[in-house]
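Listed below, chain by chain, are the residues.
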Amino acid sequence: MDNRIAASELIINNRGAVYHLDVRPDELAPTIITVGDPDRVGAVSKHFDKIESTHQHREFVTHTGYIGDKRLSVVSTGIGTDNIDIVLNELDALVNIDFDTRLVKQTLTSLKIVRLGTSGALQESIPVDSFVVSSHGLGLDNLMNYYVFENTTSEKQLLQSFRGQVFLQPGGANPCLFEASASLQSLFTEGFHTGITVTCPGFYAPQGRVLRGTLSNPNLIDNLTSFNYENHRITNFEMETSAIYGMGRVLGHECLSVSAIVANRIRKEFSKDGGAAVASLIEKGLGIIAAI
Ligand code: R1P
Ligand code: URA
């Protein structure tokens with residue numbers, strides 16, 4: 001049987017780099033920071049002692065370099081779980097598929113992937129400019145329905161409780177839920193709130209925001225804020241975490257999502273300086289990640 005992955009499935013450009021990211025296997029470090037905003041890549045890599053390579057294709061900017069002896073890559077994903085499908089598959093291909101033979105490697109590499117993003121809080125007690133670590137990513141998009149994956153018993157219990165407590169309009173999302181990497185999460189404790197992050201397929205109506213038009217599910221925010229199961233509560237909304245955790249589960253990578261809170265949806269407040277909150281999250285996050 002020919003197990004080689006066809007040119008139409010794993011697309012490698014003339015530089016020997018993967019299609020969307022335009023990164024070659026030798027240009028990626030095993031510890032990766034993802035950010036949504038392409039401009040945030042430089043805001044991370046300016047803290048590197050040495051930058052080894054920089055690449056950009058579409059919204060995907062990648063800088064690889066060192067902090068001390070620690071080799072790191074920072075990659076922008078753009079917005080949304082559809083982009084995470086691309087980024088996580090291509091990061092995985094860069095380490096786990098031999099680009100010469102087009103065969104999956106015998107020995108697989110597990111990447112450490114930490115998202116440093118922004119988010120909106122769903123609890124009054126989580127103020128703007130604070131930081132949240134996502135203990136779980138709960139997806140209201142539909143990306144993970146396209147993959148086969150296993151849930152742990154505790155994930156299944158939490159998801160069952162969510163389905164019982166939170167009304168989702170018929171024909172809408174089939175929710176999925178994944179835990180963070182326990183070993184990465186254990187490093188991000190002091191100075192961080194922790195909770196379930198809901199990942200939405202949009203910024204406006206899918207997060208209960210309306211400028212003009214009418215929401216089909218006006219109780220979404222109230223339902224999410226009041227969700228409670230054992231010690232778990234929903235802390236925040238954003239647009240990538242559940243897909244990062246889900247793809248990490250499918251492909252065998254350790255993932256964590258950490259967010260600077262720029263909006264509080266209950267207090268109806270927005271950060272007066274979201275850029276400063278993100279800069280401070282980057283500094284705090286890099287201090288931890290560089291020591292992993
Ligand atoms: C929406 O404004 C974007 O901000 C959040 C959301 O997940 C979405 O990508 O994260 P980033 O600031 O990391 O992009
Ligand atoms: N990013 C989001 O997706 N939602 C917010 O409210 C803030 C940042």
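What counts, and where the lines are drawn
- Residues numbered from 1 in each chain as written.
- Chains lettered and ligands numbered in written order.
- Predicted model: local features only at pLDDT ≥ 70, side-chain atom pairs only at ≥ 80, totals over all residues.
- Heavy atoms only, no water.
- Helix = DSSP H or I, 4+ residues; strand = E, 2+ residues; numbered from the N terminus.
- Rg over C-alpha atoms; globule rule 2.2 N^0.38 Å.
- Buried < 20%, exposed > 50% of the residue type's maximum accessible area, 1.4 Å probe, protein only.
- Salt bridge = Lys/Arg side-chain N within 4 Å of Asp/Glu carboxyl O.
- UniProt positions renumbered as here; feature names shortened; annotations may be inferred.
- Patch = residues over 30% accessible without salt bridge, like charges linked within 9 Å, V, L, I, M, F, W, Y side chains within 5 Å.
- Areas by Shrake-Rupley, 256 points an atom, 1.4 Å probe, with all protein chains shown as cover.
- Expected span 1.5 Å × (residues − 1).
- Arc of directions from axis to C-beta.

Once that is clear, we can look at the overall build of the protein. A count of helical and extended segments in the protein gives seven helices and 14 strands. For a compact globule of 292 residues, the expected C-alpha radius of gyration is about 19 Å, and the protein comes in at 19 Å, within 12% of that figure. Along the first, second and third principal axes, the C-alpha set of the protein runs to 50 × 45 × 35 Å. Evaluated residue by residue, the protein yields a buried proportion of 52% over its 292 residues.

Here we come to the pattern of salt bridges. Enumeration according to the criterion identifies eleven salt bridges in this entry. For Asp 26, the salt bridge is made with Arg 24, and the minimal N-O distance between the two is 3.1 Å. Overall, Asp 26 belongs to the partly exposed group, its relative accessible area being 45%. The exposure class assigned to Arg 24 is partly exposed, which follows from its relative accessible area of 27%. Glu 238 is the partner of Arg 115 in a salt bridge, and the nearest nitrogen-oxygen pair spans 3.5 Å. With a gap of 123 residues between them, Arg 115 in strand E7 (residues 112-121) and Glu 238 in strand E12 (residues 232-238) connect regions that are remote in the sequence. A single burial state applies to Arg 115 and to Glu 238, both of which are buried.

It is worth spelling out the UniProt feature "domain: Nucleoside phosphorylase" (unreviewed entry) in the protein at this point. Feature annotation in UniProt assigns "domain: Nucleoside phosphorylase" (unreviewed entry) to the following positions: residues 32-263. Between the end C-alpha atoms of residues 32-263 there is a gap of 26 Å, over a span that is 25% helix and 34% strand.

Now for a nonpolar patch on the surface. Nonpolar side chains collect at one region of the surface, where Phe 203, Tyr 204 and Leu 211 lie side by side and expose about 340 Å² of accessible area between them. Looking at the element boundaries, Leu 211 is found in the loop between strand E10 (193-199) and helix H5 (220-226).

So, on to helix H3 (residues 153-165). Between its first and last C-alpha, H3 extends 19 Å over 13 residues, near the 18 Å set by a 1.5 Å rise per residue. Those residues of H3 lying buried are Glu 155, Leu 158, Leu 159, Ser 161 and Phe 162. Buried residues of H3, viewed axially, fall in a sector of 160°; they line one side. For H3, the exposed residues lying more than 90 degrees away from the buried face are Thr 153, Gln 160 and Gly 164.

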